[in-house]
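# Descriptive analysis of the structure
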Amino acid sequence: MGLFDDDFYSTKVSRSRGDEASKGSFANRKHSVRRSRKGLSTWQISAVCSLISAVVAVFLFSVLTGQMSHEAAPKSVVTTGEVAPSSDPFDRIIQAAATVRPAVVSIINHKEDNKELNILDESALGSGVIYKKVDNKAFIITNNHVIEDSGNLEVVTVDGETRKATLVGTDKVSDIAVLSIDAKGINTIAQLGDSSKLRLGETVIAIGNPLGLGDTLTSGIVSYTERKVPVSLNQDGVYDWEQEVIQTDAAINEGNSGGALVDLEGKVIGINTMKISDAGVEGLGFAIPANYVIDTANELVEKGRIARSYLGVYSVDLNNPYIPLAEDQRKELNLPNNVKDGVVVLDAVGPAMEAGLQFNDVITKFNDEPITSTLSLRKYLYNQTKIGEDLKITYYRNGKVNQTTVKLLEKPEE
């Protein structure tokens, strides 16, 4: 039974059955009348006529006013069916997927360690999105962790063609990388949407290469539009960055990273980046918002890297609930009792060393703004300062408050 093929029942009797019934009743009636014609009185005839008239009147009234329930039902279905196909979310998913699929590719990272053994592990698989063409090159957005420690990079298009890829630029902080391939035969470019207009509950689809099963589509909703997820950039268990992401319950698995999160208009509103994988956890996937991605990708194409301010301190949080300082370390800092938060300097190089910072200094402010952790220090440097600017630093040394000014340089490549 189709979506619009529901069985509507009706009080009407089909013509063939009605004819047979009417013929049989007429014959019986005729025989009965012959036997009882003389037995009907005037008042009985009047009563029968009145009853028949009432039934006919009700029937005609119902037909003329359209109040018959079984006649009205088919009309409502026809009205619903006349709505434009684009309003049907199922049709829109199909149309959006068809629009974006040719622009989503699979990425194979043949890591140097496995080159001689000809081993291809799952961590070397990922996805990417073709987002622009310039002259004879097509540019692909993916994740930094997809191409990290890359050897030979290959891209597999939706039609199964394998092409060599070149790394244009990558950024560990944003987890964005850009590759380029020969643009010959590339006819579809993904259109990036405005991720700031996303709404909770909006239907989205994820397209990518999960577990090596290329060209895979899953669907879900936007569970949260601006979720902040702590990240350990050095993979040391200490959260030193915060990624703003779109949360979705669309299935995202290993290999989906770098693929497209698409709205029902067929626009890429995010780049899939991670999922929460733990016992009892389902439907927690994340994507980097398109508005953030496009600015980063364009700078990577132009410069090959993202230029950020550089202070030159290696630090640990004064008040970290996960990795607290030992009591003897706190005593050695000799801090006033009112200093609860800050960043302890473990080593100072470059600009920080020139400004006089040294081991066990505790930084508490940048330009009079509180610095409570390594995360807040990094966010302030990256988001609120520019290369070449002077930065006023407030810090404690041996229990006494001090200030110094440092000229920020460009962060060197790692």
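Per chain, residue numbering runs from 1 following the sequence as it is written. Given that the model is predicted, a residue must reach a pLDDT of at least 70 before its local features are reported, and side-chain atom pairs must reach 80 or more before they are shown or counted; all residues, however, enter totals for whole chains, interfaces and linings. Think of the side-chain values as coming from all heavy atoms in the structure, minus any hydrogens and water.

Within the chain one finds nine helices and 20 strands. Residue burial is assigned from relative accessible area. The probe radius is 1.4 Å, only protein chains are included, and a residue is buried under 20% of its type maximum, exposed over 50%, and partly exposed in between. Scored against the burial criterion, the 414 residues of the chain give a buried share of 37%. Considering only contacts in the chain between residues 6 or more positions apart, those separated by 24 or more positions represent 62%. A run of H or I in DSSP becomes a helix once it reaches four residues, and a run of E becomes a strand once it reaches two; helices and strands are each numbered from the N terminus. A contact between two residues is defined here by any heavy atoms of the two lying within 4.5 Å.

All right, on to the pattern of salt bridges then. One speaks of a salt bridge when a side-chain nitrogen belonging to Lys or Arg is within 4 Å of a carboxyl oxygen belonging to Asp or Glu. Applying the stated criterion across every chain yields a total of eleven salt bridges. A salt bridge links Lys267 to Glu265; the shortest N-O distance between them is 3.9 Å. On the basis of relative accessibility, which here comes to 25%, the residue Lys267 falls in the partly exposed class. The residue Lys392 makes a salt bridge to Asp368 at a minimum N-O spacing of 3.1 Å. Remark: Asp368 occurs in the loop between β16 (362-366) and β17 (369-370) and Lys392 occurs in strand β18 (residues 390-397); sequence separation between them is 24 residues.

Time to look at the sheet that holds strand β1 (residues 104-110). Each pair of strands is called paired provided DSSP finds at least two bridges between the two strands. Around the barrel, six strands lie side by side as β1-β2-β3-β6-β5-β4; this closed barrel has antiparallel pairing. Averaged over all pairs of adjacent strands, the angle between strand axes in this sheet comes to 40°, irrespective of strand direction. The pairing of strand β5 (residues 162-171) with strand β6 (residues 176-182) spans five bridges and is classified as antiparallel. Bridge pairing in β6 places Thr166 opposite Ser180. Helix α6 (residues 290-303) contacts β2 (125-134), β3 (137-142), β5 and β6 of the sheet and is inclined by roughly 60° relative to β6. Axis geometry follows a simple rule: fit a line to the C-alpha atoms, using only the stretch in contact for helices, then measure angles between N-to-C directions, giving values from 0 to 180 degrees.

Another aspect to go through is the side chain of Thr364. Here Thr364 shows up in strand β16. With relative accessibility at 13%, the residue Thr364 sits in the buried group. Not counting the four nearest positions on each side in its chain, Thr364 is found in contact with Val339, Asp341, Glu369, Pro370, Ile371, Thr394, Tyr395 and Tyr396.

Let's shift gears to α6. Relative to the 20 Å expected for 14 residues at 1.5 Å per residue, α6 spans 20 Å between its end C-alpha atoms, a close match to the ideal helical length. For α6, every residue scored as buried is listed here: Ala290, Val293, Thr296, Ala297 and Leu300. The arc enclosing the buried residues of α6, seen along the axis, measures out at 130°, which places them on a common side. Among the exposed residues of α6, those pointing more than 90 degrees away from its buried face are Asp295, Glu302 and Lys303. In the segment just after α6, Gly304 is the residue with positive phi, at about 85°. Multiplying 1.5 Å by the residue count of a helix minus one yields the expected span of that helix. This arc is built from the directions going out from the helix axis to the C-beta atoms.

The next thing to look at is a nonpolar patch on the surface. Only residues whose relative accessible area exceeds 30% and that form no salt bridge enter a patch; like-charged residues are grouped when within 9 Å of one another, and nonpolar side chains (Val, Leu, Ile, Met, Phe, Trp, Tyr) when within 5 Å. A 1.4 Å probe and the Shrake-Rupley method give the accessible areas. Residues count as covered only by the protein chains that appear here. On the surface, Tyr239, Tyr322 and Ile323 cluster together to form a nonpolar patch covering roughly 370 Å² of accessible area. Relative to the helices and strands, Ile323 resides in the loop between β14 (313-317) and α7 (327-333). Take Ile323: its relative accessible area is 40%, and that puts it in the partly exposed class.

Below, the discussion takes up the confidence of the model for the chain. Residue-level confidence of the predictor is summarised by pLDDT, bounded by 0 at the bottom and 100 at the top. Mean pLDDT for the chain: 80, with 73% of residues reaching 70 or above. Per-residue pLDDT stays below 50 along residues 1-38; that stretch engages in eleven contacts with residues further than four places along the chain or on separate chains. Overall, residues 67-85 carries pLDDT values under 50, and its contacts beyond four positions in sequence, including any with other chains, amount to 13 contacts.

The next thing to look at is the nonpolar core. Among buried residues, the Ala, Val, Leu, Ile, Met, Phe, Trp, Tyr and Cys ones that are joined through side-chain atoms within 4.5 Å form a nonpolar core. Counting residues in each nonpolar core, the largest one holds 40 residues, and the members touching the most others are Val262 and Val268. Looking at this core, the element that brings in the most residues is β6, giving five residues. By convention here, the domain bounds are inherited from an automatic or database domain assignment. Counting contributing residues, this core receives three or more from each of domain 1 (98-182) and domain 2 (195-303). If you look at the next biggest cluster of nonpolar residues, it comprises 23 residues, including Trp241, Ala352, Leu381 and Ile393.

With respect to the helices, strands and loops of the structure, Ser174 is situated in the loop between β5 and β6. Setting aside its immediate chain neighbours within four residues, Ser174 contacts Gln243, Ile288, Tyr292, Thr296 and Arg308.

Here the focus is the pairing of strand β19 (residues 400-407). Inspection of the sheet shows β18 paired to β19 by eight bridges, in the antiparallel sense. In the sheet register, Arg397 faces β19, and the bridge partner there is Lys400. Taking the residues that link successive antiparallel strands as the turn, the β18-β19 hairpin has two residues, and the phi of Asn398 there is positive, at about 55°.

This part is about the environment of Gly214. Position of Gly214 among the secondary structure elements: in the loop between β7 (203-208) and β8 (216-231). It is 9.3 Å that separates the C-alpha atoms of Gly214 and Gly126, two residues lying 88 residues apart in sequence. When residues no more than four places from it in sequence are discounted, the contact partners of Gly214 are Ser106, Gly208 and Asn209.

This part takes up the packing of aromatic side chains. Each Phe, Tyr or Trp ring (for Trp, its six-membered ring) is paired with any other whose centre lies within 6.5 Å, and the angle between the two planes then decides the class: stacked below 30 degrees, edge-to-face above 60, tilted in between. Applying the stated rule across the entire model yields two aromatic pairs. Sitting over the face of the ring of Phe139, Lys132 holds its NZ or CZ atom 5.6 Å from the ring centroid. A ring is considered to have a charge above it if a Lys NZ or an Arg CZ atom is located within 6 Å of its centre and within 35 degrees of its normal. Above the face of the Tyr224 ring, Arg227 is positioned so that its terminal group lies 3.8 Å from the ring centre.

Moving on: helix α9 (residues 374-384). Counting buried positions along α9 gives eight out of eleven residues, so the element sits mostly inside the fold. Of the positions making up α9, those classed as buried are Thr374, Leu375, Ser376, Leu377, Arg378, Tyr380, Leu381 and Tyr382.

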